[in-house]
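# Tertiary structure, described
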Amino acid sequence: MTAELGVFFLVLAFLVALLQSVYLLPVAPLRKMLATIVPLCAWLQSFFVTLALATLATLRLNSDFTVKNVVEHSNLSLPTIYKFAGTWGNHEGSMLLWVFVLALFGALLASSRDKIKLYATAIQSILCAGFLIFILYTSNPFDRVFPPTTDGQALNPLLQDIGLVLHPPLLYLGYVGFSIVFSLAVAALIHGVADKVWANIVHPWIMASWSALTLGIGLGSWWAYRELGWGGWWFWDPVENASLLPWLSGTALLHSNIVLKKRNMLAQWVILLSIITFALSLLGTFLVRSGAITSVHSFASDPERGIFILGYIIITVGSALFLYGLRAGLLASKERMLPVSREGMIVINNLFILSACVTVLLGTLYPMFAELVSNDKITVGAPYFEVSFIPLMAIPLIFAGLVPFMPWKKASLRKAIIAATPAIIATLVAAFLVLAFAESKIISAICGFSLAAWLAAASVQWLFNAHGKHGRYSVFLGHLGAAFIVVGITASGLWKEEAHLLVKNGDSATFAGYNLLYENSSDVAGDNYTAKRAEILVSGKDNKPLARLFPEYRNYPVGGTTTSEVDIYYSITGDLYSVTGEMANGGKTTLRLYFQPMINLIWLGFVLMALGGITACLSNKKQKWEV
């Protein structure tokens, strides 16, 4: 009966969402009466969805093999943590997690009876109702299976990682958080007002969503780096790109909203970016679940689900854009903006960021359209993205270091450059050091490290110059994090080393300045797998032992899947990354080695950027936030 309770809770949530949405009807007495119960409806809706999610988690923890979702994505030997995290490690469960976050954020927004927030809460309920229909009719996680089985199928071994526990919830906090921004934007269009007050209301939602998405993307890349065994951290996979798209537009949005908060300008632009960012979040959902693209990250390939989500996108985003076309004129600012000013530079920056976003979007969707038109399968790979995306993003990073030195309204470019002299000197020093010590790929290294030095030095200088300004820590952390990411990408991209070996017990090798001894391999058993585990002694040039690596080649009996489990020696200079494969002829084992210089700075950078966003979110309480 437990599974039926889950369906019951979802139906109750849907009915409450419908009641909540009635507030949008243009009937003043009805709206006045509902104003008192809209917050209650929002919390009830969140409560019922939470019960549904808890029900599914309970079914999985109890290994209830009368439920299709449990049978297809769990088994008796699966470790408990993955039974729980596997709740959202499949299409049906992930959609339930999506609605859970959607309803929870709607409830948090409903804590105030502010008119705009009430409108936004009602709009949020419509979004939630649409996804609840989708779950109940196409993706019910509580469907029964008959006859019941005594054991289930395997959870994908690639998902059996701590990343499954943290990555999807963080990513969804970002994706779904932008639904609140979308709802507040539509509410602003209904009222015909988007001013400083509105900007302050939406600001914490933008920053919290962007920060969660930043952490989610960073954690996802770290998970792929550790789990997939190819030694890289970003593959330009369509689903990876789908998470990058709303992050890019969200970055443009958060900077534009700063201008609205400070100068009461760009209201039309901020509203449009709010709609676009949520639309790109929905696009990611469509790509993952429609079968339109092939990816290791895809959850489902059911065309019916894809058509439903596509229709949902067209209706919700199309309605918002139609309303924008009718009402955006009411938001026009009478203030004049000069290109050479802080707000002018922010707008120019945003145009480059959005150009990079369009580049990624075209590279992601073009293969799908090409196959639809010509039935030919083509692939747009890393060379396209690296040639097009990286130069477009380099320009905003250059400007980002200069913008904090420019005043609002009107600025002098010459004075800004003079003010940034210490940062310019640091940039030149970095270029000289690369020229003096780099042994290969010097031009690319100078560009990457000089850009990072410029951004980091400008951030440090801003921190010390911005006395008493509430945004100083957020700008410092956010831009410093971006600088760290540039260093990590540059170093690992230019100087990565790789070796493929066939080894047996007792063999030794020298790689990337390390002496390696393949000591032995042994058979080990985990909760739900058996493995051939290698033991590799890592020593320095002086033969002083540094670490032992234990990469594994695993076999999962349930499902008959084999995977390689990497092991990594972390150091300040970089990662020594080892992957072992199956045994070859002659009793030898395949061994792949990678050295990734400074790659951990990438994930440190993601963390710092997210902290900058969280700091900016908290600073909103004082209603004075500076770039």
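In short, a report on the structure.

Definitions and cut-offs
Residues numbered from 1 in each chain as written. Predicted model: local features only at pLDDT ≥ 70, side-chain atom pairs only at ≥ 80, totals over all residues. Heavy atoms only, no water. Helix = DSSP H or I, 4+ residues; strand = E, 2+ residues; numbered from the N terminus. Buried < 20%, exposed > 50% of the residue type's maximum accessible area, 1.4 Å probe, protein only. Contact = heavy atoms within 4.5 Å. Areas by Shrake-Rupley, 256 points an atom, 1.4 Å probe, with all protein chains shown as cover. Lys, Arg positive; Asp, Glu negative; His and termini not counted. Charge placed at Lys NZ, Arg CZ, Asp CG, Glu CD. Core = buried A, V, L, I, M, F, W, Y, C linked by side-chain atoms within 4.5 Å. Salt bridge = Lys/Arg side-chain N within 4 Å of Asp/Glu carboxyl O. Expected span 1.5 Å × (residues − 1). Phe/Tyr/Trp six-rings, centres within 6.5 Å; stacked < 30°, edge-to-face > 60°. Lys NZ or Arg CZ within 6 Å of the ring centre and 35° of its normal. Polar contact = N/O pair within 3.5 Å; in protein donor to acceptor, adjacent residues only side chain to side chain. 1 Å grid on protein atoms, 1.4 Å probe; cavity = no way out; pocket = protein on both sides within 12 Å on 5 of 7 lines; lining within 4 Å. Points joined across faces, edges and corners; volume = space filled by probe spheres on them. Nonpolar A, V, L, I, M, F, W, Y, C, P; charged D, E, K, R; others polar. Pairing = 2+ DSSP bridges.

Attention now moves to the overall build of the chain. Along the backbone of the chain there are 19 helices and 10 strands. Here the chain holds 627 residues, and 56% of them are scored as buried. Partitioning the contacts of the chain with sequence separation of at least 6, the portion at a separation of at least 24 is 72%. As displayed, the chain offers around 26,400 Å² of accessible surface, 67% of which is attributable to carbon and sulfur atoms. Mean positive and mean negative side-chain charge positions of the chain (41 and 34 charges, respectively) differ by 18 Å.

Now for the environment of Ile-116. Mapped onto the elements of the fold, Ile-116 is located in helix α7 (residues 115-138). Note on Ile-116: relative accessible area 14%, which makes it buried. In sequence terms Ile-116 and Val-193 are 77 residues apart; their C-alpha atoms lie 9.5 Å from each other. When neighbours within four sequence positions are excluded, Ile-116 is seen to be in contact with Leu-184, Ala-187, His-191 and Trp-198.

Time to look at the nonpolar core. If you look at the biggest cluster of nonpolar residues, it comprises 177 residues, and the most contacted ones within it are Leu-96, Trp-98, Phe-131, Leu-184, Trp-198 and Ile-271. In terms of residue count, the dominant contributor to this core is helix α8 (residues 162-191) (15 residues). Ignoring sequence-local partners within four residues, the contact set of Phe-131 consists of Met-95, Trp-98, Val-99, Leu-102, Leu-282 and Tyr-312.

Further remarks concern the pattern of salt bridges. Per the stated rule, a full pass over the model turns up 11 salt bridges. As a salt-bridge pair, Lys-504 and Asp-507 come within 3.5 Å of each other at their nearest N and O atoms. Note on Lys-504: relative accessible area 39%, which makes it partly exposed. Ionic pairing is found between Arg-554 and Glu-565, a salt bridge with its closest N-O pair at 3.8 Å. Of this pair, Arg-554 sits in strand β6 (residues 552-556) while Glu-565 is found in strand β7 (residues 561-565), placing the two residues 11 residues apart along the sequence. Taking relative accessible area as the criterion, Arg-554 reaches 13% and is therefore assigned buried. What you see here is one network of salt bridges that share partners, running through Arg-533, Glu-552, Arg-554 and Glu-565.

Moving on, we get to helix α19 (residues 600-619). If you check α19, its first and last C-alpha atoms are 29 Å apart, about what 20 residues at 1.5 Å a residue would give, namely 28 Å. The complete set of buried residues in α19 reads Ile-602, Trp-603, Gly-605, Phe-606, Leu-608, Met-609, Ala-610, Gly-612, Gly-613, Ala-616, Cys-617 and Ser-619.

On to the packing of aromatic side chains. Under the counting rule described, the total for this entry stands at 27 aromatic pairs. When the ring of Trp-98 is compared with that of Tyr-172, the centres are 5.5 Å apart and the planes differ by 75°; the resulting orientation is edge-to-face. Placement of Trp-98 in helix α6 (residues 91-109) and of Tyr-172 in helix α8 is noted, with a sequence separation of 74 residues between them. There is no split in this pair, since Trp-98 and Tyr-172 are both buried. Consider the rings of Trp-236 and Phe-389, whose centres lie 5.4 Å apart with planes at 70°: the pair is edge-to-face. Of this pair, Trp-236 sits in the loop between α9 (196-227) and α10 (238-263) while Phe-389 sits in helix α14 (residues 382-402); the two residues are 153 residues apart in sequence, bridging distant segments of the chain. Look at Phe-389 and you get buried, because its relative accessible area is 11%. Among the aromatic residues, ring-to-ring pairing joins Trp-233, Trp-234, Trp-236, Tyr-384, Phe-385 and Phe-389 into one connected group. Above the face of the Trp-222 ring, Arg-226 is positioned so that its terminal group lies 4.2 Å from the ring centre.

The next point concerns the environment of Asn-515. Topologically, Asn-515 is positioned in strand β3 (residues 514-525). Note: C-alpha distance between Asn-515 and Asp-542 (27 residues apart in sequence) is 8.8 Å. Filtering out sequence-adjacent residues up to four positions away, Asn-515 remains in contact with Ala-509, Thr-510, Leu-537, Val-538, Ser-539, Gly-540, Lys-541 and Asn-543. In this structure the side chain of Asn-515 is engaged in a polar contact, spanning 3.3 Å, whose partner is the side chain of Thr-510. A distance of 2.9 Å separates polar atoms of two side chains, one belonging to Asn-515 and the other to Asn-543.

Sizing a probe to match a water molecule and rolling it over the atoms shows the empty space that remains. Tallied over the full model, the rule gives 1 cavity of 30 Å³ or more. Around the largest cavity sit Leu-501, Val-503, Asp-507, Ser-508, Ala-509, Leu-516, Leu-517, Tyr-518, Ile-536 and Leu-591, which together line it. Mapped onto the lining of the largest cavity, the elements with two or more residues apiece are β1 (497-503), β2 (508-511) and β3. Counting residues per element, the lining of the largest cavity draws most heavily on β3, which supplies 3 residues. Residue composition of the lining of the largest cavity, grouped by class: 8 nonpolar, 1 polar and 1 charged.

With that settled, the discussion passes to the side chain of Ser-74. When you line up the elements, Ser-74 lands in the loop between α4 (68-73) and α5 (80-85). A relative accessible area of 0% places Ser-74 in the buried class. Contact partners of Ser-74, with chain neighbours within four places excluded, come to Arg-60, Phe-65, Lys-83, Gly-152, Gln-153 and Leu-155.

Judged by how many residues are buried, strand β10 (residues 589-597) sits mostly within the fold: 7 of 9 residues are covered. As paired strands, β1 and β10 are joined by 7 bridges and run antiparallel to one another. Among the inter-strand pairings, Glu-497 is bridged to a residue of β10, identified as Phe-595. In this sheet, β10 lies alongside strand β9 (residues 574-583) in antiparallel orientation, the contact comprising 8 bridges. Note on β10: the bridge partner recorded for Ser-578 is Leu-593. The turn joining β9 and β10, which pair antiparallel and follow one another in sequence, is formed by 5 residues; a positive phi near 85° is taken by Gly-586.

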